Amino acid sequence: MKQTMEQLQQECLQCQRCDLCKTRTNVVFGTGSQTAPIMLIGEGPGENEDLQGIPFVGRAGQLLDKMLDAVGLSREREVYITNMVKCRPPQNRDPLPEETQQCLGYLRGQVAIMRPKLIVCLGRIAAIRLLREDFKVTKEHGQWILKNGTWMMGTFHPAALLRNPGNKPAAMEDFLSLRAKLQEVCPECGE
Ligand code: URA
């Protein structure tokens, strides 16, 4: 029988597939509605996320919420949020390729269970693993790619926008495009 999201989460909460399990406080599995049409995929939990067990709850998360709100999307309804790795990399370093690889099964499971209509990679780490190895966020953000029957795009990571606010207008364009794409592929979603 097909695994449920709850079963997958239970398995993930026990995970010891890589060394990140040794330093985590909480596994950060994902948040939002399982029937959401949009999946947002970040890099990995930071300090606040590790402490609370919920993705994007720190400053970057607040910016993400504002951007979603500005285009009429919300975490509770249209969006499910998760990360490439479910445990915090020490000192917020980039996850190592082998850590991402070990964790990919959980993300694949989440996608298989939810079958989201749209997937957005937040930042380079998700984009190079899920879209194309040499994906350049600054050049290729906002471009929709149909992959295995799902429309996907890469955009700026909210933490990168905090460091580089000059890219915020371009990121907002991508969120507007997300809203428009949702209307195109699923007119009844988000009514
Ligand atoms: N950055 C991420 O990539 N994910 C989070 O959950 C928080 C910050």
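Please refer to the structure placed before this passage.
These figures come from a predicted structure and were not determined experimentally. (Residues numbered from 1 in each chain as written. Predicted model: local features only at pLDDT ≥ 70, side-chain atom pairs only at ≥ 80, totals over all residues. Heavy atoms only, no water.)

Where do I start with the packing of helix α4 (residues 59–70) against helix α9 (residues 168–185) in this structure?
The description of two helices packed together rests on the angle between their axes and the distance between the axes. Running from N to C, α4 and α9 point in directions that differ by 50°, and their axes come no closer than 9 Å. Relative to α9, the element α4 lies oblique. Like other packed secondary-structure pairs, α4 and α9 cross with a definite hand, here right-handed. Taken together, the residues of α9 that come into contact with α4 (itself represented by Leu63, Leu64, Met67, Leu68 and Ala70) are Lys168, Ala171, Met172 and Phe175. For the contact of α4 with α9, a count of residues per class yields eight nonpolar, no polar and one charged. (Axes fitted to C-alpha atoms, helices over the stretch in contact; angles between N-to-C directions. Helix = DSSP H or I, 4+ residues; strand = E, 2+ residues; numbered from the N terminus. Parallel < 35°, antiparallel > 145°, perpendicular 65-115°, else oblique. Left-handed = near helix turned anticlockwise from the far one by under 90°. Contact = heavy atoms within 4.5 Å. Nonpolar A, V, L, I, M, F, W, Y, C, P; charged D, E, K, R; others polar.)

Is there a simple way to think about the sheet that holds strand β6 (residues 150–155) in this case?
Working definition: the strands of a sheet are paired by backbone hydrogen bonds and lie parallel or antiparallel to each other. With respect to topology, six strands assemble into an open sheet ordered β1-β3-β2-β4-β6-β5, the strand pairing being mixed. The open sheet has two edge strands, β1 (31–32) and β5 (145–147), and neither has a second partner. Judged from the three bridges that link them, β5 and β6 form a sheet pairing that is antiparallel. Paired with Ile145 across the strands is Met152, a residue of β6. (Pairing = 2+ DSSP bridges.)

What is the right way to read the state of the cysteines from this model?
Structurally, a disulfide amounts to a covalent bond that connects the sulfur atoms of two cysteines. With the rule as written, the count across this model stands at one disulfide. With its sulfur 1.9 Å from that of its partner, Cys186 forms a disulfide with Cys189. Measuring handedness by torsion sign, the sulfur bridge of Cys186 and Cys189 sits at about 70° and is right-handed. Taking relative accessible area as the criterion, Cys186 reaches 2% and is therefore assigned buried. For Cys189, a relative accessible area of 15% puts it in the buried group. Considering cysteine sulfurs only, Cys87 is the nearest to Cys18, which forms no disulfide, with 6.4 Å between them. Between Cys121, a cysteine without a disulfide, and Cys103, which holds the nearest cysteine sulfur, the sulfur-to-sulfur distance is 15 Å. (Disulfide = S-S within 2.5 Å. Buried < 20%, exposed > 50% of the residue type's maximum accessible area, 1.4 Å probe, protein only.)

Help me out: how do you make sense of the site of the ligand in this one?
Contacts to the ligand come from Gly42, Glu43, Gly44, Glu49, Pro55, Phe56, Asn83 and His157. Asn83 is positioned with one of its side-chain polar atoms (N or O) 2.8 Å from a nitrogen atom of the ligand. Compared with its free state, where it exposes 240 Å², the ligand has 91% of that area covered by protein. Residue classes in the shell around the ligand are distributed as two nonpolar, four polar and two charged. (Near = heavy atom within 4 Å. Polar contact = N/O pair within 3.5 Å; in protein donor to acceptor, adjacent residues only side chain to side chain. Areas by Shrake-Rupley, 256 points an atom, 1.4 Å probe, with all protein chains shown as cover.)

Help me out: how do you make sense of the nonpolar core in this one?
It is characteristic of soluble globular proteins that their nonpolar side chains tend to be buried jointly. Membership of the largest hydrophobic core comes to 55 residues, with the highest contact counts inside it found for Leu40 and Leu178. At six residues, the largest contribution of residues to this core is made by helix α5 (residues 97–114). Excluding its chain neighbours within four sequence positions, the residues that come into contact with Leu40 are Leu64, Leu68, Val79, Tyr80, Ile81, Thr82, Val120 and Leu122. (Core = buried A, V, L, I, M, F, W, Y, C linked by side-chain atoms within 4.5 Å.)

Would you explain unusual backbone geometry in this entry?
Leaving glycine aside, a negative phi is the common case for residues, and trans is the common case for peptide bonds. Not every positive phi belongs to a glycine, and Phe56 is a case in point at roughly 50°. Residue position: Phe56 is located in the loop between α3 (47–52) and α4. Residue class for Phe56 comes out buried when judged on its relative accessible area of 5%. Of note in the backbone geometry, Asn92 takes a positive phi value of approximately 55° without being a glycine. You can see Asn92 is positioned in the loop between β3 (79–83) and α5. Residue Asn92 is classed as partly exposed on the basis of its relative accessible area of 43%.

How should the side chain of Asn83 be read in this particular structure?
Mapping Asn83 onto the fold places it in strand β3. With a relative accessible area of 1%, Asn83 lands in the buried category. Of note is the side chain of Asn83, whose polar atom sits 3.2 Å from the backbone nitrogen of Glu43. Those residues within four positions of Asn83 in sequence are excluded, and the remaining contacts are Val28, Ile41, Gly42, Glu43, Gly44, Pro45, Pro55, Phe56 and Leu107.

Functional significance is not addressed by these values, which are geometric in nature.
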